[in-house]
Amino acid sequence: MAKINQNFLKLPGGYLFPEIGRRVRAFSAENPPMPLIRLGIGDVTQPLVPVVIEAMTKATAEMGVKETFRGYCEETCGAYDFLRFAIQNDYRARGVDIDDDEIFVSDGAKSDCGNIGDIFDVDNVVAVCDPVYPVYVDTSVMAGRAGDYDAVNQRWTKLHYMPCTADNDFTPAIPDKKVDMIYLCFPNNPTGAVATKEQLQKWVDYANAVGAVILFDSAYEAYITDPAIPHSIFEIPGAKTCAIELRSFSKTAGFTGTRCAYTVVPKALERDGANLNKLWNRRQSTKFNGVSYVIQRAAEATLTPLGKAQTGETIRYYLRNAQTIKKGLAEAGLTVYGGDNSPYIWASTPSGTDSWSFFDKLLKEACVVTTPGAGFGPSGEGYIRLTAFGDAQATEEAVRRIQGIL
Ligand code: PLP
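Residues numbered from 1 in each chain as written. Predicted model: local features only at pLDDT ≥ 70, side-chain atom pairs only at ≥ 80, totals over all residues. Heavy atoms only, no water.

A. Here's a closer look at the site of the ligand. Taken together, 14 residues lie near the ligand, and Asn189, Asp217, Tyr220, Ser248 and Ser250 sit nearest. Within the contact set of the ligand, an oxygen atom lies 2.8 Å away from a backbone nitrogen or oxygen of Ala109. For the ligand, an oxygen atom lies 2.8 Å from a polar atom in the side chain of Arg259. Isolated, the ligand exposes 390 Å² of accessible area, and the fraction of that covered by the protein chains is 91%. Those elements giving two or more residues to the shell around the ligand turn out to be helix H5 (109-115) and helix H8 (250-253). Grouping the constituent residues of the shell around the ligand by class yields 6 nonpolar, 4 polar and 4 charged. (Near = heavy atom within 4 Å. Polar contact = N/O pair within 3.5 Å; in protein donor to acceptor, adjacent residues only side chain to side chain. Areas by Shrake-Rupley, 256 points an atom, 1.4 Å probe, with all protein chains shown as cover. Helix = DSSP H or I, 4+ residues; strand = E, 2+ residues; numbered from the N terminus. Nonpolar A, V, L, I, M, F, W, Y, C, P; charged D, E, K, R; others polar.)

Written out as structure tokens, the structure reads:
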């Protein structure tokens, strides 16, 4: 009989968003008094920008002509040079030198942040922020790196949790023990916090000192407005010997349904006598056949000056929504975080209300869908997350409704 990976059986029944979906569907079936406004799941709502559509249309036409048709991409791991060079130039514009063969193009940062675990031993100690983007935790469980679930403490026994709360400004403390793989995400999902150069330098120094690897998720770097905040871990001296960076076009250019991302694995990164760039290259070229030509052309277009200008306009639209939510909830008496360099707003629930109860109240009384902080980890209790990815008018209406019930 085929035996299955028992780790999958340890996972809780549903990922957070299916449970939210279940509650929203149940409520919708009761004929809600107003149309629902969704500020819950972090999915974009604005259409792709014109340069992207033009690039896709042109590339699609090329696929219909014998001379320009493309089959399997034979360049590095299914990534065309034109896109890797465009990404390389984008890093250069921020003063970061990355070799083109350190850039691996993929279909998403979600896949990459789970798949990257393939090149690490099962016995590594994984450190995660609490609250956290659930994918880091669930993929660690699937890989057998998380141990067992301790329902009382709501924690996986082998993971090292780094609480991020208002008390520490949502900034994780350097572990007081040795850990091996560290997932960091800045600007942070869900708290909207960012990390300064000085804070990241401490992580890089720690990782180099103990031989850990930082898995730095900068999926939201395009939302940074403060010029002093680094966009990439590779802006920090020493990062190339201890960090892997995960990036995505999803939130930068509205590619959540288009799918394109990339991961940078420096050639200087060695652990356990092995070169991680070579291992990841081997893993990707064996298990992944690349992103379609049409989509890679679309991604390239976002990195041109016109593409930057057009996607920048969309990002500013979402950041204005973030300010609407932040100011509106503060006026309603909630303590509000994030939203300045991030599309996420993290708000304290009124005292004495747990995050699922507050989620239910906002759903049933204001018909606004949010995300309960507890779904991101035990330290998320007492908070809710709202996203700025909605329509501007709907966001204003959602804020008015929330103010009306608080
Ligand atoms: N990383 C973080 C922190 C995210 O919040 C998300 C999506 O919400 C992703 C990665 C996934 O990005 P992608 O759409 O590229 O898979």
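B. Looking closely at the packing of helix H2 (residues 16-28) against helix H12 (residues 355-366). Running from N to C, H2 and H12 point in directions that differ by 40 degrees, and their axes come no closer than 11 Å. Every pair of crossing elements has a handedness; the one defined by H2 and H12 is right-handed. Every residue of H12 that contacts H2 at Leu16, Glu19, Ile20, Arg23, Val24 and Phe27 is listed here: Trp356, Phe359, Asp360, Leu363 and Lys364. When grouped by side-chain class, the residues that make up the contact of H2 with H12 number 7 nonpolar, no polar and 4 charged. (Axes fitted to C-alpha atoms, helices over the stretch in contact; angles between N-to-C directions. Left-handed = near helix turned anticlockwise from the far one by under 90°. Contact = heavy atoms within 4.5 Å.)

C. Local environment of unusual backbone geometry. Look at the link from Asp130 to Pro131: it is a cis peptide, with omega at 5 degrees. Mapped onto the elements, Pro131 comes out in the loop between strand E3 (126-130) and helix H6 (134-142). Cis geometry marks the peptide bond from Phe186 to Pro187; its omega dihedral reads -10 degrees. Inspection of the secondary structure puts Pro187 in the loop between strand E7 (181-185) and helix H7 (197-210).

D. Examining the environment of Trp203 more closely. Position of Trp203 among the secondary structure elements: in helix H7. What makes Trp203 buried here is its relative accessible area of 3%. Distance in space between the C-alpha atoms of Trp203 and Val213 is 10.0 Å, their sequence separation being 10 residues. Leaving out residues up to four positions away in the same chain, Trp203 has contacts with Met162, Pro172, Ala173, Ile174, Pro175, Ile182, Leu184 and Ile214. (Buried < 20%, exposed > 50% of the residue type's maximum accessible area, 1.4 Å probe, protein only.)

E. The arrangement of the sheet that holds strand E17 (residues 383-387) in detail. Taken in spatial order, the 4 strands of this open sheet run E13-E14-E17-E16, and their pairing is antiparallel. Of all the strands in the sheet, the pair left with one neighbour each is strand E13 (336-338) and strand E16 (371-372). Pairing of strand E14 (residues 344-348) with E17, which is carried by 5 bridges, proceeds in the antiparallel orientation. Bridge pairing links Ala347 to Ile384 in E17. (Pairing = 2+ DSSP bridges.)

F. Spotlight on the sheet that holds E3. With respect to topology, 7 strands assemble into an open sheet ordered E2-E10-E9-E8-E7-E3-E6, the strand pairing being mixed. In this open sheet, the two strands that pair with only one neighbour each are strand E2 (103-106) and strand E6 (160-163). With direction set aside, neighbouring strand axes in the sheet form an average angle of 20 degrees. Bridge analysis of E3 against E7 gives 2 bridges, and the strand direction is parallel. Within E7, the position partnered with Ala127 by the bridge is Ile182. Relative to the sheet, helix H4 (residues 81-93) contacts E2, strand E9 (243-248) and strand E10 (261-264), its axis offset from that of E2 by approximately 120 degrees. Along the sheet, H7 contacts E6, E7 and strand E8 (213-217); its crossing angle with E8, the most-contacted strand, is approximately 150 degrees.

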